[in-house]
Amino acid sequence: MMTNLPEIALGAWAWGNDGTFGNSLSAESLKPIFETAMANGLNLWDTAYAYGMGTSEKVLAGFLKEHARDSYLISDKFTPQCADVSSETAMADMIEMQLKLMDLDHFDIYWIHNVSGAPKWTEELAKNFEGKDNVALIGVSNHNLAEIKEADAILKAHGLKLSAVQNHYSLINRSSEYSGILDYCRENGMTFFAYMVLEQGALSGKYDTKHPMPAGSDRAATYNPVLDQLEILNAEMKKLAEKYNVGIAQIPVAWAIAKGTLPIIGVTKENQVLDALKAANVTLTAEETAALEKTADSLNLNVIRMWEKEMK
């Protein structure tokens, strides 16, 4: 397992203004969010060139300039769909471009973003990092168990190690657990990063049938039709939230931590950073965790998104 990591990573996905949340965000509005997080020890930032074709990285880079390099951790990704795949140096070119964009000399964690041509790109990544100083911890995202094992073998052949896996994982999408991925990570010293733990706000307690997500965004199209079912789960989470004196949104995050994962929380408001801190201080019991899962499983929801697959 990786050391010196905070219990929660902060995601800059929406900082790329990709329309997921139905609005746009400015650097001016995001800077207080960044500074609040850094002041409270949440210093692991997850980004990708794919998030707004460099917009997320660029905004984040602007904030990093005021901080010492050893005070923050940057998690970035190679996204095949954003690379010139016809070039023999596509991997090296993308890494060089991203480092230049962010004005960094290395990343702390670097991921293969998805499985499009993944064995080839994992091989290229291994060649790029083999024998170098400042080697990023290497991870794979949106991979199933067989693909994770394949990536691990490729890296080992180059004297490197697969250190992390990043998949969609929440109370209503536990396919990475059922498929054995969490167990494999645990057995092999890999950190499992859970993204979309709050299902883009659907598990925050903020939305219900009387207060649906604003129309026009991707998340509204996904979650608004099942808000009546999600109300059942939110009611269970509310009981725990009252017990621990936190908001409903802290319970899914605390659950993910209790499962031994490192949740990535997308932040677009300062209070979301403060909420993440509160969640890290909640320790759910095994009984509470099991009860939440029983309720969530009874809903039998499928919230796999268009860019994903079910982990079998």
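Refer to the structure presented above.
Everything numeric in this text was worked out from a predicted model, so none of it was measured.

J.: Would you mind going over the pattern of salt bridges in detail, with residue names and values included?
T.: Pairs may arise between side chains of opposite charge once their charged atoms sit close together. Enumeration according to the criterion identifies 13 salt bridges in this entry. The shortest N-O distance in the salt bridge between E177 and R174 comes to 3.1 Å. With a closest N to O distance of 2.7 Å, R186 and D183 form a salt bridge. Of this pair, R186 and D183 both sit in helix α7 (residues 181-187), three residues apart, roughly one helical turn. Residue class for R186 comes out exposed when judged on its relative accessible area of 51%. Judged by its relative accessible area of 40%, D183 is partly exposed. Here the salt bridges share partners, and the residues they tie into one network are R174, E177, K259, E293 and D297.

J.: Run through the sheet that holds strand β5 (residues 137-141), naming residues and quoting values.
T.: Taken in spatial order, the eight strands close into a barrel running β1-β2-β3-β4-β5-β6-β7-β8, and their pairing is parallel. Each strand of the sheet is rotated relative to its neighbour by a mean of 25 degrees, with strand direction disregarded. On top of the sheet, helix α3 (residues 90-102) reaches β3 (73-78) and β4 (109-112); it is set at about 145 degrees to β3, its chief contact. Relative to β4, helix α4 (residues 118-129) is tilted by about 155 degrees, and along the sheet it contacts β3, β4 and β5.

J.: Describe the nonpolar core, with residues and values.
T.: Of all hydrophobic cores here, the largest spans 106 residues; its most connected members are L10, W15, W45, I74 and Y110. Apart from the residues lying within four places of it in its own chain, the contact partners of I74 are W45, L60, L64, M102, L104, F107, D108 and I109.

J.: Which residues make up the packing of aromatic side chains, and what values do they have?
T.: The tally for this structure, following the rule as stated, stands at 11 aromatic pairs. Both rings, one in F34 and one in F63, keep their centres 5.4 Å apart while their planes meet at 40 degrees; by these two values the pair is tilted. Highlighted residues: F34 in helix α1 (residues 27-39) and F63 in helix α2 (residues 55-64), separated in sequence by 29 residues. Each member of the pair, F34 as well as F63, carries the same accessibility label: buried. Between the aromatic rings of F107 and Y110, the centroid separation amounts to 5.5 Å while the plane-to-plane angle is 20 degrees, which identifies the pairing as stacked. By relative accessible area, F107 is classed as buried at 4%. Its relative accessible area of 0% is what places Y110 among the buried residues.

Each value, and the rule that gives it
Throughout, a residue's number is its position along its own chain's written sequence, starting from 1. Residue-level local features of this predicted model are given only where pLDDT is at least 70; pairs of side-chain atoms are given and counted only at 80 or more, and the full residue set underlies all totals for whole chains, interfaces and linings. Only hydrogens and water are set aside; all other atoms, that is, all heavy atoms of the structure, feed into the side-chain values. For this document, the term salt bridge refers to a Lys or Arg side-chain nitrogen within 4 Å of an Asp or Glu carboxyl oxygen. Numbering goes from the N terminus for both helices and strands, where a helix is a DSSP run of H or I of at least four residues and a strand is a run of E of at least two. Note on classification: 1.4 Å probe, protein chains only; a residue is buried when its accessible area is under 20% of the maximum for its type, exposed when over 50%, partly exposed between these limits. A strand pair is defined by DSSP finding two or more bridges across the two strands. To obtain an axis, a line is fitted to C-alpha atoms, over the contacting stretch when the element is a helix, and the angle between two such axes runs from 0 to 180 degrees between their N-to-C directions. Working rule for contacts: check all heavy atoms of both residues, and any pair within 4.5 Å makes them a contact. The term nonpolar core refers to a set of buried residues drawn from Ala, Val, Leu, Ile, Met, Phe, Trp, Tyr and Cys, joined through side-chain atoms within 4.5 Å. Between 30 and 60 degrees the pair is tilted, below 30 it is stacked and above 60 it is edge-to-face, where a pair is any two Phe, Tyr or Trp rings, Trp via its six-membered ring, whose centres lie within 6.5 Å.

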